[in-house]
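# Analysis of the macromolecular model
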Amino acid sequence: MPQTLLADAANLLPDLVALRRALHHEPELGLELPKTQAAVVAALGGLDLEVTLGEACTSVVAVLRGGRPGPTVLLRADMDALPIAEPAGLEYAATNGNMHACGHDLHTAALVGAARLLHARRAELAGDVLFMFQPGEEGYDGAAVMLAEGLLETTGTTPIAAFAIHNGPGERGVFSTRPGPILAGNGRLQVTIRGAGGHGSQPHSARNPVPAVAALAGALQTMLTQRFSVFDPVVLSVTQLFAGEAVNVIPESAGLGASVRMVSADAQARLGEEVRVFADGIAAAHGCTAEVDFTLQYPVTVNDAAATKHAIAALSTLLGAERVIEIPTPVMGSEDFSRVLAQVPGTYLFLHSSPNSVNPATAAVNHSPHVLFDDAVLADQAAALAHLAMSTLAGR
Ligand SMILES: [Zn+2]
């Protein structure tokens, strides 16, 4: 059966490449992707699916009912692009100032392919497949919007498993994943230190917040190694400093901004409070006070151990074990698919997709204007998604 699935997917390849290139040519941003949504609805046309369009965003939710009753499996594609001007060169390059530089055009086309493959096999399916076409992954939390609109209740039963495949650079056709944390959580830290302003010539009669912020910016790295295990890494980059208007004026306040990444729920939960205690102490040492605001943007994306073992075995059967790699560490990017995996056990996988003409070791990465994805991977990507759903519903 895997051979038939791969052969059927190969037959779909020209259609999937055409869809991917059409999406690539007109990338849209954020939660409002009307053209992309219309293209997905058109591409699903003719299939016996229950299609629902989002109200709070331009999502597409489609349900395929299997021939026999059973549980639900969720498959997800994100559909939005980035505000990056695409360099000219590709015949289907975007010209509207946006770019599918994260491969979401491939995700979308591959999920359409999976819907077609599964539709052709629906009589054999013991259960339903829920297709999640999501806008707003790039910082807009589209997954949360779809969950709030009742995504997981669409078929009548909460999905028993959820899968997503993300294209990235690297040797074409190789899948990689791991059980446990696969992507970091990310958050934004803002610290404001308040002192008492004054004349630059008389710091002793003021409370200068600038040395306090300077001390904090460096000392935060030390705090991380003292408060978090080295085996539970936290990455904190101070990326903004705010202070002062004139060299002869001590300002009332100063501040910093930092980007934070972590790979455990514990670090995610403790980070804001640890920084608050530490910043309070440093501010107090300078006669100042600190205000700390830590906002988690996307939580850690955690792969379920059993679902991931299943996914690795299923894709090894489909494509050969040499094409499925278990990676030792998480990747420090972030994803709102974490929202789905917080409620449904499942697996997030990478599909390495650099063209053969590019050295995978030095290939441009996602979000670079120079990143290239070979859409020849779309047949196997669609087959992989379909096989993950079918094998899960078949309980093997
Ligand atoms: Zn992405």
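What comes next concerns the included structure. (Residues numbered from 1 in each chain as written. Predicted model: local features only at pLDDT ≥ 70, side-chain atom pairs only at ≥ 80, totals over all residues. Heavy atoms only, no water.)

### Quick word on the overall build of the protein chain
Convention followed: Segments assigned H or I by DSSP are reported as helices when at least four residues long, segments assigned E as strands when at least two residues long, and all are numbered from the N terminus. The contact definition used throughout considers only heavy atoms, calling two residues in contact when any of these lie within 4.5 Å. The protein chains shown are the only cover counted for residues, whose accessible areas, like all others here, come from Shrake-Rupley with a 1.4 Å probe. The charge count includes Lys and Arg as positive and Asp and Glu as negative, but it does not include His or the ends of the chains. Here the site of a charge means NZ on Lys, CZ on Arg, CG on Asp, or CD on Glu.
Along its length, the protein chain carries nine helices and 16 strands. Along the first, second and third principal axes, the C-alpha set of the protein chain runs to 80 × 45 × 40 Å. In the protein chain, once contacts between residues fewer than 6 apart in sequence are set aside, the share between residues at least 24 apart is 81%. Accessible area of the protein chain: about 16300 Å², with a carbon and sulfur share of 56%. A distance of 4 Å separates the average location of the 22 positive side-chain charges in the protein chain from that of its 38 negative side-chain charges.

### Here's the deal with the sheet that holds strand β1 (residues 50-53)
Here is the rule we go by: At least two DSSP bridges between two strands are required for those strands to pair. Here the axes come from fitting lines to C-alpha atoms, over the contacting stretch only for helices, and the angles between their N-to-C directions go from 0 to 180 degrees.
As summarised here, the arrangement of the eight strands in space is β1-β2-β4-β3-β5-β16-β6-β15, forming an open sheet in which the pairing is mixed. The open sheet terminates on both sides in strands that have one partner only, identified here as β1 and β15 (324-326). Strand after strand, the sheet turns through a mean of 20 degrees between neighbouring axes, direction not considered. Here strand β6 (residues 174-177) pairs with β15 via three bridges, running parallel. Residue pairing in the sheet places Phe-175 in a bridge with Val-324 of β15. Set on the sheet, helix α3 (residues 104-120) makes contact with β2 (60-65), β3 (68-78), β4 (126-134) and β5 (161-168); between it and β3 the angle comes to about 160 degrees. Against the sheet, helix α9 (residues 378-393) contacts β3, β4, β5, β6 and β16 (346-352), and its axis sits at roughly 165 degrees relative to β5.

### A word on the coordination of the zinc ion
As a reminder, the rule being used: Here a donor is an N, O or S atom found within 2.8 Å of the metal, or within 3.2 Å if the metal is Na, K or Ca; sites may look incomplete because water is not among the atoms.
The protein atoms that coordinate the zinc ion are Cys-102 (SG), His-104 (NE2) and His-166 (NE2), at distances spanning 2.2 to 2.3 Å. Site description for the zinc ion: donor spacing in sequence, C-x1-H-x61-H.

### Regarding the sheet that holds strand β10 (residues 234-243)
With antiparallel pairing, four strands are arranged side by side in an open sheet as β10-β12-β8-β13. Taken across any chain shown, the strands that pair with only one partner, and hence form the sheet edges, are β10 and β13 (289-298). Neighbouring strand axes in the sheet, compared pairwise and without regard to direction, differ in orientation by 15 degrees on average. Pairing geometry for β10 and strand β12 (residues 253-262), over nine bridges, is antiparallel. Looking at the pairing, Leu-236 lines up with Val-260 of β12. Packing against the sheet, helix α5 (residues 209-227) makes contact with β8 (185-194), β10 and β12, and its axis sits at approximately 15 degrees to β12. Helix α6 (residues 265-285) rests against β8, β10, β12 and β13 of the sheet, and its axis sits at about 160 degrees to β13.

### A look at the nonpolar core
This is how it is decided: For the purposes of this section, nonpolar cores are sets of buried Ala, Val, Leu, Ile, Met, Phe, Trp, Tyr and Cys residues that join through side-chain atoms within 4.5 Å. Partly exposed describes any residue whose relative accessible area lies between the buried limit of under 20% and the exposed limit of over 50%, with all areas from a 1.4 Å probe on protein chains only and scaled to the type maximum.
Formed by 64 residues in total, the largest nonpolar core has its most connected members in Leu-44, Leu-75, Leu-118, Val-129, Phe-131 and Phe-133. No other element matches the 11 residues that α9 contributes to this core. Core analysis: the next-biggest nonpolar cluster, separate from the first, contains 28 residues, Leu-224, Phe-228, Ile-282 and Val-300 among them.

### Focus on the pattern of salt bridges
To be explicit about the condition: Salt-bridge detection follows one rule: a side-chain nitrogen of Lys or Arg within 4 Å of a carboxyl oxygen of Asp or Glu.
Summed over all chains, the structure comprises 20 salt bridges. Across the pair Glu-291 and Arg-194 runs a salt bridge whose closest N-O atoms are separated by 3.2 Å. In this pair, Glu-291 is assigned in strand β13 and Arg-194 in strand β8, connecting sequence segments 97 residues apart. With a relative accessible area of 39%, Arg-194 lands in the partly exposed category. Between Arg-270 and Glu-274 there is a salt bridge; the shortest N-O distance is 2.8 Å. You can see Arg-270 and its partner Glu-274 sitting in helix α6, four residues apart, about one turn around the helix.

### Details of helix α2 (residues 34-44)
Along an α-helix, a turn takes 3.6 residues, which lines up residues three or four apart on a common side. Formally: Note that the arc is defined by the directions from the helix axis to the C-beta atoms.
Within the sequence span of α2, burial applies to Thr-36, Gln-37, Val-40, Ala-43 and Leu-44. In a view along the axis of α2, the buried residues occupy a sector of 130 degrees, so they form one face of it. Along α2, the residues that are exposed and aim more than 90 degrees away from the buried face are Lys-35 and Ala-42. Looking one or two residues beyond α2, the residue adopting positive phi is Gly-46, at roughly 90 degrees.

### Some thoughts on the side chain of Ser-334
What counts here: Polar contacts, as used here, are pairs of N or O atoms within 3.5 Å; protein pairs need one atom able to donate a hydrogen and one able to accept it. Residues neighboring in sequence count only if both atoms are side-chain atoms.
Structurally, Ser-334 is set in the loop between β15 and α8 (337-341). In this structure the side chain of Ser-334 is engaged in a polar contact, spanning 3.0 Å, whose partner is the backbone oxygen of Ala-184. In this structure the side chain of Ser-334 is engaged in a polar contact, spanning 3.5 Å, whose partner is the side chain of Arg-261.

### Things to note about the environment of Cys-288
Residue placement: Cys-288 occurs in the loop between α6 and β13. Looking at Cys-288, the relative accessible area reads 8%, which means it is buried. For the pair formed by Cys-288 and Val-344, sequence separation is 56 residues and the distance between their alpha carbons is 46 Å. Excluding anything up to four places from it in sequence, Cys-288 contacts Ile-193, Arg-194, Gly-195, Arg-207, Asn-208, Pro-209 and Ala-283.

### Here's the deal with the packing of aromatic side chains
Stated precisely, the cut-off is as follows: Centre distance within 6.5 Å is the pairing criterion for rings of Phe, Tyr and Trp, where only the six-membered ring of Trp is used; planes under 30 degrees apart are then read as stacked, over 60 as edge-to-face, and the remainder as tilted.
Under the defined criterion, the tally for this structure stands at two aromatic pairs. Between the aromatic rings of Phe-337 and Tyr-348, the centroid separation amounts to 6.2 Å while the plane-to-plane angle is 35 degrees, which identifies the pairing as tilted. Separated by 11 residues along the polypeptide, Phe-337 in helix α8 and Tyr-348 in strand β16 bring together distant segments of the chain. With a relative accessible area of 2%, Tyr-348 lands in the buried category. Arranged with centres 5.5 Å apart and planes meeting at 90 degrees, the rings of Tyr-348 and Phe-350 form a pair that is edge-to-face. You'll find Tyr-348 and Phe-350 in the same group, each marked buried. Counting every residue linked through ring pairs, the aromatic cluster contains Phe-337, Tyr-348 and Phe-350.

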